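# Examining the three-dimensional arrangement
Residues per chain, in single letters:
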Amino acid sequence: MSLTPVPQTSLSDQVVERLRAEIVEGRWKVDEKIPPESELMASLGVARGTLREALRALQYTGMLEIRRGDGTFVRARSEVPGALARSGASLDDVLEARITLEPQLARLAAERATDDDIECISKALGERASVSDEGWVDADVAVHEAIARAAHNPILFEVYTALLPRLHESMSTAQSREGFCRNERRGHDEVLDAIVARDPEGAATSAQANLSATAAWNHLDQGQSTGA
């Protein structure tokens, strides 16, 4: 037979899986500080060295961030953001991914959004319209995240939210360029209108139109405005 014995899982690997489960299942929230090492050591029954090895492994995946002197914080609910950060993807690659994902997310949101989802998108759009330039990028990303959440597809949402740090980066870069327009309705207010009207194709078309304009502005005509 070609089968070989299955190796026993190391203690640190077991700790990684226990900690990972706390994050994936939402008991430790993104951007929140996890319990201190002393508490984790007592709960898991492991030595400090084993715990720190597990924490470093999860930091490498991008799920945790260890801040010296401040503790350890949750950065993502999966390994996808860390993989993207290590992929070397360009901002053009991010735009191509958005072109693939955002129209479908908008379409699904128009089919599935609840009243609470619509209120959340509307609130995010109001914030986007009223904030200063310094806070605009965060507000714009929040709109896209709210639309993606309203699609109610956990897999697509996980993949899309993994792009958000790079989306934030691309928006910050675009905002500083001449011809940038922060009040673009396509892909934003128009999508909400389509969601409220339960118009999936209208929502998808609006999202696609905004991204097409963004691509054209990036590559063909630096004078053309876009709202990203």
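Residues numbered from 1 in each chain as written. Predicted model: local features only at pLDDT ≥ 70, side-chain atom pairs only at ≥ 80, totals over all residues. Heavy atoms only, no water.

## Regarding the nonpolar core
Looking at soluble globular proteins, one finds that nonpolar side chains tend to be buried together. Cut-off, in case you're wondering: By convention a nonpolar core is built from buried Ala, Val, Leu, Ile, Met, Phe, Trp, Tyr and Cys residues, the set being connected through side-chain atoms within 4.5 Å. Each residue gets one of three labels from its accessible area relative to the maximum for its type: buried under 20%, exposed over 50%, partly exposed in between, using a 1.4 Å probe on protein chains only. Numbering of helices and strands starts at the N terminus; helices are DSSP runs of H or I of at least 4 residues and strands are runs of E of at least 2.
The biggest cluster of nonpolar side chains holds 18 residues, and the ones touching the most others in it are Ile 121, Ile 147, Val 191, Ile 195 and Ala 203. Elements with a minimum of two residues in this core: helix H5 (91–112), helix H6 (115–130), helix H7 (133–150), helix H9 (189–196) and helix H10 (200–219).

## A closer look at the confidence of the model for the protein chain
To keep things clear, this is the line we draw: As a per-residue measure, pLDDT tells how confident the predictor is, with possible values from 0 to 100. Every residue pair with non-hydrogen atoms within 4.5 Å of one another is taken to be in contact.
Mean pLDDT over the protein chain works out to 85, with 86% of the residues at or above the 70 mark. Across the protein chain, H9 holds the top mean pLDDT of 97, while helix H4 (residues 80–87) sits lowest at 69. A low-confidence stretch, residues 221–226 (pLDDT under 50), is modelled with 20 contacts involving residues beyond four sequence positions or located in other chains.

## Some points on the packing of H6 against H7
As a reminder of what qualifies: Every angle, taken between N-to-C directions, lies between 0 and 180 degrees, and every axis is a line fitted to C-alpha atoms, over only the stretch in contact when it is a helix. Note on angle classes: values under 35 degrees are labelled roughly parallel, values over 145 roughly antiparallel, values of 65 to 115 roughly perpendicular, and the remainder oblique. Note: crossing handedness is left-handed where the near helix turns anticlockwise from the far helix by less than a right angle, and right-handed where it turns clockwise. All amino acids are sorted into three groups, where Ala, Val, Leu, Ile, Met, Phe, Trp, Tyr, Cys and Pro are nonpolar, Asp, Glu, Lys and Arg are charged, and the leftover types, Gly among them, are polar.
H7 packs onto H6 with a crossing angle of 165 degrees between their chain directions and a minimal axis gap of 8 Å. It follows that H6 is roughly antiparallel to H7 by the angle criterion. As for the relative orientation of H6 and H7, their crossing is left-handed in sense. Along the contact surface, H6 presents Asp 117, Cys 120, Ile 121, Ala 124, Leu 125, Glu 127 and Arg 128, while H7 presents Trp 136, Ala 139, Asp 140, Ala 142, Val 143, Ala 146, Ile 147 and Ala 150. Residue composition of the contact of H6 with H7, by class: eleven nonpolar, no polar and four charged.

## Things to note about the pattern of salt bridges
Inclusion rule: Any Lys or Arg side-chain nitrogen found within 4 Å of a carboxyl oxygen on Asp or Glu counts as a salt bridge.
Summed over the entire model, instances satisfying the criterion amount to 14 salt bridges. In this structure, Asp 31 and Arg 75 form a salt bridge, with 2.8 Å as the shortest nitrogen-oxygen distance. A residue pair is termed long-range when its members are at least 10 positions apart, and Asp 31 in the loop between helix H1 (11–24) and helix H2 (37–44) and Arg 75 in the loop between strand S2 (71–74) and H4 qualify at 44 residues. You can call Arg 75 partly exposed: its relative accessible area is 37%.

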